[in-house]
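Reading the structure
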Amino acid sequence: MQFMLLFSRQGKLRLQKWYVPLSDKEKKKITRELVQTVLARKPKMCSFLEWRDLKVVYKRYASLYFCCAIENQDNELITLEIIHRYVELLDKYFGSVCELDIIFNFEKAYFILDEFLLGGEAQDTSKKNVLKAIEQADLLRSVPLHGVIQPVSYSAWCELASQHGVNQPVSYSAWCEPASQSVSMV
Amino acid sequence: MPAVSKGDGMRGLAVFISDIRNCKSKEAEIKRINKELANIRSKFKGDKALDGYSKKKYVCKLLFIFLLGHDIDFGHMEAVNLLSSNKYTEKQIGYLFISVLVNSNSELIRLINNAIKNDLSSRNPTFMCLALHCIANVGSREMAEAFAGEIPRILVAGDTMDSVKQSAALCLLRLYKASPDLVLMGEWTSRVVHLLNDQHMGVVTAAISLITCLSSKNPDEFKTCVSLAVSRLSRIVSSASTDLQDYTYYFVPAPWLSCKLLRLLQCYPPPEDGAVKGRLVECLETILNKAQEPPKSKKVQHSNAKNAILFEAISLIIHYDSEPNLLVRACNQLGQFLQHRETNLRYLALESMCTLASSEFSHEAVKTHIETVINALKTERDVSVRQRAADLLYAMCDRSNAKQIVAEMLSYLETADYSIREEMVLKVAILAEKYAVDYSWYVDTILNLIRIAGDYVSEEVWYRVIQIVINRDDVQGYAAKTVFEALQAPACHENMVKVGGYILGEFGNLIAGDPRSSPLVQFNLLHSKFHLCSVPTRALLLSAYIKFINLFPETKATIQEVLRSDSQIRNSDVELQQRAVEYLKLSSIASTDVLATVLEEMPPFPERESSILAKLKKKKGPGAVSVELEDGKERGELNGGGDRGGDAAIAASNASTPSPSADLLGLRSTAPVSGTTPSAGSLLVDVFSEAGPSATSAGVNDDGFLSSAPPTVASEDPAPPLPESDELLNKFVCKNNGVLFENQLLQIGIKSEYRQNLGRMYLFYGNKTSVQFVSFNTTVSCPGELQSQLNVQTKTVEPLVEGGAQVQQVINIECLTDFIDAPLLNIKFRYGGALQNISLKLPVTINKFFQPTEMAAADFFQRWKQLSQPQQEAQKIFKASHGMDTEVLKAKLLGLGTALLENVDPNPENYVCAGVIQTKAQQVGCLLRLEPNAQAQMYRLTLRSSKDTVSQRVCDLLAEQF
């Protein structure tokens, strides 16, 4: 895999992970181009497209698009499931993940991704093992320094979200529904 | 101690993020960010030492700002400080910042590397993993230099934790991809390969990515992985869905690992060991069988995972291309997917079938799905799927279905998406050319193409149709007629005008007999489009007009009037003005003879790769650089490139038009013989290297010299000439360029030019294989008395011809006196150890030294009578072996090198020609009369010359041509 992008239906980039060396300028250009291309596609279209000399595999979960660029000999279907497994991991960790979780805990989203994919290849595909690694880290994290620290929970963010006047985050089960339900959060 | 909320401990960060999200405008956002940056800057610069928590918080804010798309140029030092913290959360944020905002400051890198080194040797697995993740994320050369030696050790050490092994394997992969020279596996190779046997599936999953990459680069060193991979795969494939616990994904056992194992095997040929191969074939069969079983879950994840394995298995089957049974099963399976309700599966099936179509075992099986694929092209709602369908139609096209496929693609073009039109046009053009049985179909197809999608017809496409029409005399009349009809449409595309202008300018005479397309009608038709066209097209039309003056003297006054008009001769465009002035002058002062010479029909184009194919390759893939070069040359050549020069005025006009492709002036006869430039040579090289032998079949003039097996003669003596060499020689009596010989290994192309008694021939030897020819040696010899009749000089060629490469040889020929036999060309080389020894006749015939002579009827008859001695005449009566089409006959007689005299013979059906054969010793005048009898399908050919041997030889040569 060469890179992975997460962006919203409004085209806001939520996460970017590059597995090949590129300049910032080039990254921005690629992002702009791909976001535009993918957002222009209709719901029932296929999840793969040829783009430059790469293959792009994308899938929409609620308001978020997950988009991976893979090389020509790579397997599209298994890449779709890489995306799904990552969503499952996020969901398990945050408990019904939503776009807001990823915005406010962007660093966690990166940590989880690093435990799952490294250098663009799957490090471990077992959900249990990946989560174990993250949990271990969280255990270390809670070594008291500034009091007891816990990972952010779903309910905590619902609270924060309502404070700031944002809609209820969408639960995981809604993510897995067909995108045509068009749940918007922002 | 700062207050910490129950959140993640970085309330400040959460508040900042909310603030940004609440910004109503971009300006407000930037303002908020700048405020925050100023705040952070002051904190970092402040006298008060920041505690770890604050540092972490601010570094995290910087990271967030950077990820929003703003530049960050500070904070690196604070991040590096965090790295050396022994609190995990701080370290983790420090590493994240470094991974995302890599900085090339060398001092900083030294500090980072130091921190990484400490963590790697900490023996704390979580710290080690963090450090490895950072190396893998950054992957810079500096890091490779520092750690490429250490990481393999961590990877294979017995006491390394599994999670660390996994990170180490992928970290090493990233370093290897970035700096392969720094990652030396050497002593570790076998232990790394044995990770495939590791008990921990996660370790195997990570390690196999590394092994696959290393194997593809050094297959020999890693070849022991094949049997290990097969047995691992076999265990997974035969396991029940619950055996692998958490590695079972939606009832599919270890789909990622299975795909990667199948992918690894694609780095190698089929296993040689029978047992291993048997086990693998069993696995592949099981995977194919499972595809037929009812699904264990309705979830799309289940079917995706299962089919991911299936497609990877099919890729492996295609890669081996040796198991007809599996290939056909794969094809049938894909055939089922073609009608699946999942768009993704239809897309992948079309894509995968494309590669199946190129296997000899499954090509026919793929073809059975043609209707489904055509239907997909018409009905799929997603353009990317339609694109795959078009690709597959292109791949499955062969002689048997070309007409149907081309017709479908043409009709699809009318409604095709703009994004794929250009590529579709190229594909149609290539298929039409490659599988053209009769060239009138080809011309129809291309003209249709221009009509339907004129905007997308690139220069290459219309250049190519002109190349082909010029090189194939049997289609010229038809092309002129068709293009004339196409131009009748009230609105026709400018590309059509270009083709029309060029073709009518060259071959308008072929349809001028019909009063409905008389010269003046043709001219008026072309000129009616003139004002709607762009400058380059107008320039081309002007050249067509001057050609008209030569072809049809009766149009001279009208055309001169047009050229003389202010809108031409005073045109603000300098190129148009210059052409108008020069053509006007040329037409008024030059004698008919000079005009005829200057405006002679374009010589055939040298054989070469279709420029369209090159263009498609350029669109499609890498290696574009060489193709681009090729393109440039091609364009140059198309304008008459190598053959031009001479007349100063026209040379000047050429110089000022680098490419508008408008030059109809092929000044072959006035060109200096030294005007070399067959860049065609280098063009062909690319054909062979990029596309393999199949691409050459796109060449136009392969006159059906079907490949015959190379005669493998053990002796070093030159082999006797091939039995077909006389026939090959006959092909070149009336033309100078083309493919002389072709078999599976070698292609020989010829380009030649003659002036007076001198000739120069370029031979192009193309190696069609991927293996080099060694001891490549060619000799030209003049047997018997030919030695004293011809003087032939050759330059030796390089003894090595690389696979796919082409070498050129120049041969200079001087005709001393008239001759009958042809020089012999012997080619010897070793291919894979076996000596190849081929002898051919070089197509140098006496008529090549003809100089055409124009004369009036009276002169002709006077000379005819002078040559009345019986031995001066040679006559043959023979049956027509080709069609008796007037235009074809004329073209052949002109190709012979003589002048075709009009209005000489009282019977207009007959042809009369005159020419002088130039030899060093003497000039031999030669008169010719050809009387066709259409009813009897017979000819009578009479030759008279001052020398009996010449009469006889020319008569013999020519009699074979009709």
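Quick caveat: nothing in here was measured; it's all calculated off a predicted structure. (Residues numbered from 1 in each chain as written. Chains lettered and ligands numbered in written order. Predicted model: local features only at pLDDT ≥ 70, side-chain atom pairs only at ≥ 80, totals over all residues. Heavy atoms only, no water.)

Observations regarding the overall build of chain A
Rule in force here: In this description a helix means any DSSP run of H or I spanning at least four residues, a strand means any run of E spanning at least two, and both kinds are numbered starting from the N terminus. We call two residues contacting when some pair of their heavy atoms lies within 4.5 Å. Residue-level accessible areas treat just the shown protein chains as cover; the underlying method is Shrake-Rupley with a 1.4 Å probe.
Across its full length, chain A carries seven helices and seven strands. Along the chain direction, N to C, the helices and strands of chain A fall in the order β-β-α-β-β-β-α-α-α-β-β-α-α-α. For chain A, contacts bridging at least 24 residues in sequence account for 54% of all contacts bridging at least 6. Counting every atom, chain A has about 7,300 Å² of accessible surface; 52% of that belongs to carbon and sulfur.

Regarding the packing of helix H4 (residues 106-116) of chain A against helix H5 (residues 88-100) of chain B
Heads up, the condition is: Every axis corresponds to a line fitted to the C-alpha atoms, with the helix fit spanning only the stretch in contact, and the corresponding angles, defined between N-to-C directions, vary from 0 to 180 degrees. By definition in this entry, angles of less than 35 degrees are roughly parallel, angles greater than 145 are roughly antiparallel, angles of 65 to 115 are roughly perpendicular, and the rest are oblique.
Between H4(A) and H5(B), whose axes approach to 11 Å, the crossing angle comes to 85°. The orientation of H4(A) with respect to H5(B), classified from their angle, is roughly perpendicular. Note on element contacts: H5(B) touches H4(A) through Gln92(B), Ile93(B) and Leu96(B), opposite Glu107(A), Tyr110(A) and Phe111(A).

Digging into helix H17 (residues 324-337) of chain B
The condition is simple: The span you would expect from a helix comes to 1.5 Å times its residue count less one. Exposure is judged per residue with a 1.4 Å probe applied to protein chains only, and the accessible area is read against the type maximum: over 50% gives exposed, under 20% gives buried, and values in between give partly exposed.
The terminal C-alpha atoms of H17(B), which comprises 14 residues, lie 20 Å apart, in line with the 20 Å expected from a rise of 1.5 Å per residue. Turning to H17(B), its buried residues number three or more, namely Leu326(B), Leu327(B), Ala330(B), Cys331(B), Gln333(B), Leu334(B), Gly335(B) and Phe337(B).

Side note on the interface of chain A and chain B
Rules: By definition, the buried area sums, over both parts, the 1.4 Å-probe accessible area that each loses when the two are put together. Here, a salt bridge means any Lys or Arg side-chain nitrogen found within 4 Å of an Asp or Glu carboxyl oxygen. We define a polar contact as two N or O atoms separated by no more than 3.5 Å, with the added condition that, inside protein, one atom must be a possible hydrogen donor and the other a possible acceptor, whereas residues neighbouring each other in sequence contribute only through side-chain atom pairs. Residues are sorted three ways: Asp, Glu, Lys and Arg are charged, Ala, Val, Leu, Ile, Met, Phe, Trp, Tyr, Cys and Pro are nonpolar, and all the rest, Gly among them, are polar.
Residue-level contacts link 67 residues of chain A with 75 residues of chain B. Where chain A abuts chain B, roughly 6,200 Å² becomes buried across the two surfaces, and 56% of that area is made up of carbon and sulfur atoms. There are three salt bridges connecting chain A and chain B. On the surface where chain A and chain B come into contact, there are 28 residue pairs in polar contact (both at pLDDT 80 or more). Per-class residue counts for the side of chain A that touches chain B are 29 nonpolar, 15 polar and 23 charged.

So, helix H1 (residues 24-39) of chain A
All names here are of chain A. Note the threshold: Think of the arc as the fan of directions from the helix axis to the C-beta atoms.
With 16 residues, H1 should reach 22 Å at 1.5 Å per residue; the first-to-last C-alpha distance of 22 Å fits that figure. By the burial criterion, the buried members of H1 are Lys27, Ile30, Thr31, Leu34, Val35 and Val38. Across the axial projection of H1, the buried residues extend over an arc of 125°, all falling on one side. Relative to its buried face, H1 has exposed residues pointing more than 90 degrees away, namely Lys25, Arg32 and Gln36. Its buried side turned inward, H1 meets strand S1 (3-8), strand S2 (13-18), strand S3 (48-51), strand S4 (54-61) and strand S5 (64-70).

Section: the sheet that holds strand S8 (residues 806-815) of chain B
Residues and elements named next belong to chain B. Quick note on the threshold: Note on pairing: two strands pair once DSSP finds at least 2 bridges between them.
Pairing within the open sheet is antiparallel, and its five strands lie in the order S3-S4-S5-S8-S7. The sheet terminates laterally at strand S3 (738-742) and strand S7 (790-794), the two strands that pair on one side only. Ignoring strand direction, the axes of neighbouring strands in this sheet form an average angle of 25°. In this structure, S7 lies alongside S8, joined through five bridges in antiparallel fashion. Bridge pairing in S8 links Val792 to Ile813.

A few points about the packing of aromatic side chains
Note the threshold: Centres within 6.5 Å make a pair out of two Phe, Tyr or Trp rings, where for Trp the six-membered ring is used; the pair is then stacked when the planes are under 30 degrees apart, edge-to-face when over 60, and tilted otherwise. Cation placement over rings: the criterion is NZ of Lys or CZ of Arg within 6 Å of the ring centroid and within 35° of the ring normal.
Tallying each qualifying case throughout the model produces 33 aromatic pairs over all chains. Consider the rings of Phe3(A) and Trp51(A), whose centres lie 6.5 Å apart with planes at 85°: the pair is edge-to-face. Of the two residues, Phe3(A) sits in strand S1 while Trp51(A) sits in strand S3, which places them 48 residues apart along the sequence. Look at Phe773(B) and Tyr831(B): their rings are 5.9 Å apart centre to centre, the planes differ by 85°, and that puts the pair in the edge-to-face class. In this pair, Phe773(B) is assigned in strand S6 (residues 773-781) and Tyr831(B) in strand S9 (residues 824-831), connecting sequence segments 58 residues apart. Judged by relative accessible area, which is 26%, Tyr831(B) ranks as partly exposed. By way of ring pairs, the aromatic residues Tyr765(B), Phe773(B), Phe776(B), Phe829(B) and Tyr831(B) are connected into one cluster. One residue, Arg41(B), lies across the ring of Phe74(B), its end atom 4.3 Å from the ring centre.

Observations concerning the side chain of Ser839(B)
Residues and elements named next belong to chain B. Along the polypeptide, Ser839 turns up in strand S10 (residues 834-841). Of note is the side chain of Ser839, whose polar atom sits 2.9 Å from the side chain of Asn826. Excluding anything up to four places from it in sequence, Ser839 contacts Pro718, Ala719, Pro720, Pro721, Leu722, Leu825 and Asn826.

Re the environment of Gly335(B)
All names here are of chain B. One can find Gly335 in helix H17. With relative accessibility at 8%, the residue Gly335 sits in the buried group. Between the C-alpha atoms of Gly335 and Leu350, which are 15 residues apart in sequence, the distance is 8.7 Å. Setting aside residues up to four positions removed in sequence, Gly335 forms contacts with Met353 and His369.

A short note on the environment of Val56(A)
Residue and element names in this part refer to chain A. Inspection of the secondary structure puts Val56 in strand S4. Judged by its relative accessible area of 0%, Val56 falls in the buried class. Put simply, Val56 and Glu71 are 15 residues apart on the chain and 8.7 Å apart in space, counted from C-alpha to C-alpha. Not counting the four nearest positions on each side in its chain, Val56 is found in contact with Leu34, Ser47, Phe48, Leu49, Trp51, Cys67, Cys68 and Ala69.

Topic: the sheet that holds S10(B)
All names here are of chain B. Judged by pairing direction, the sheet is antiparallel, and its three strands sit side by side in the order S6-S9-S10 without closing on themselves. The open sheet terminates on both sides in strands that have one partner only, identified here as S6 and S10. Within this sheet the neighbouring strands show an average axis-to-axis angle of 10°, counted without direction. Bridge count for S6 against S9 is seven bridges, and the pairing is antiparallel. Within S9, the position partnered with Thr778 by the bridge is Ile827.

Brief notes about a positive patch on the surface
All names here are of chain A. Definition in use: To count toward a patch, a residue needs a relative accessible area over 30% and no salt bridge; like charges are then connected within 9 Å, while nonpolar side chains (Val, Leu, Ile, Met, Phe, Trp, Tyr) are connected within 5 Å. The sign given to each residue is positive for Lys and Arg and negative for Asp and Glu; His and the chain ends receive no count. Every charge is mapped onto a representative atom, which is NZ of Lys, CZ of Arg, CG of Asp or CD of Glu.
Residues Lys25, Lys28, Lys29 and Arg32 make up a contiguous surface patch of positive charge. Of note, Arg32 is situated in helix H1. Judged by relative accessible area, Arg32 falls into the exposed class, the value being 55%.

Focus on the environment of Glu121(A)
Positionally, Glu121(A) belongs in strand S7 (residues 121-122). Since its relative accessible area comes to 18%, Glu121(A) is described here as buried. Placed 120 residues apart in sequence, Glu121(A) and Met1(A) show a C-alpha to C-alpha distance of 6.6 Å. Not counting residues up to four positions away in its chain, the partners in contact with Glu121(A) are Met1(A), Phe116(A), Leu170(B), Leu173(B), Lys177(B), Ser209(B) and Lys260(B). Within polar-contact distance, the side chain of Glu121(A) engages the side chain of Lys260(B) at 3.3 Å.

Structural notes on the confidence of the model for chain A
Residues and elements named next belong to chain A. Defined as follows: For every residue, the predictor reports its confidence as pLDDT, a number between 0 and 100.
Per-residue confidence for chain A gives a mean pLDDT of 79, with 75% of residues at or over 70. Segment residues 143-154 is flagged for pLDDT under 50; beyond a separation of four residues in sequence, or across chains, it makes 25 contacts in the model. Note that residues 163-186 has pLDDT below 50 and, in this model, 52 contacts with residues that lie over four places away or in other chains.

Here we look at the confidence of the model for chain B
Residues and elements named next belong to chain B. For chain B, per-residue confidence averages 82 on the pLDDT scale, and 88% of positions sit at 70 or higher. Across chain B, the secondary-structure element scoring lowest on mean pLDDT is helix H37 (residues 680-691), at 32, and the one scoring highest is helix H14 (residues 255-265), at 96. Per-residue pLDDT stays below 50 along residues 1-7; that stretch engages in ten contacts with residues further than four places along the chain or on separate chains. For the stretch residues 622-715, pLDDT sits under 50, and the model shows 218 contacts to residues farther than four places along the chain or on other chains. Reported confidence for the predicted complex is 0.81 by ipTM and 0.64 by pTM.

Some details on the nonpolar core
Keep this limit in mind: The term nonpolar core refers to a set of buried residues drawn from Ala, Val, Leu, Ile, Met, Phe, Trp, Tyr and Cys, joined through side-chain atoms within 4.5 Å. Domains are outlined according to an automatic or database domain assignment.
Grouped together as the largest cluster of nonpolar side chains are 280 residues, with contacts concentrated most on Tyr86(A), Ile116(B) and Leu449(B). Of the domains in this structure, domain 1 (3-125) and domain 2 (130-178) of chain A are the two that each give at least three residues to this core. In contact with Ile116(B), not counting residues within four places along its chain, are Tyr95(B), Ala131(B), Cys134(B), Ile135(B), Met143(B) and Phe147(B). Among the nonpolar cores identified, the runner-up in size contains 63 residues, and Val801(B), Leu825(B), Phe850(B) and Ala959(B) belong to it.

What to know about the pairing of strand S4 (residues 746-755) of chain B
The two faces of a sheet get side chains in turn, since along a regular strand they alternate between them. All names here are of chain B. Most of S4 sits out of view: nine of its ten residues are buried. In terms of strand pairing, S3 meets S4 through four bridges, oriented antiparallel. Bridged to Phe741 within S4 is Ile748. Counted between consecutive antiparallel strands, the loop separating S3 from S4 contains three residues.

Considerations on unusual backbone geometry
Positive phi outside glycine occurs at Asp321(B), with the angle close to 45°. Relative to the helices and strands, Asp321(B) is located in the loop between helix H16 (300-320) and H17.

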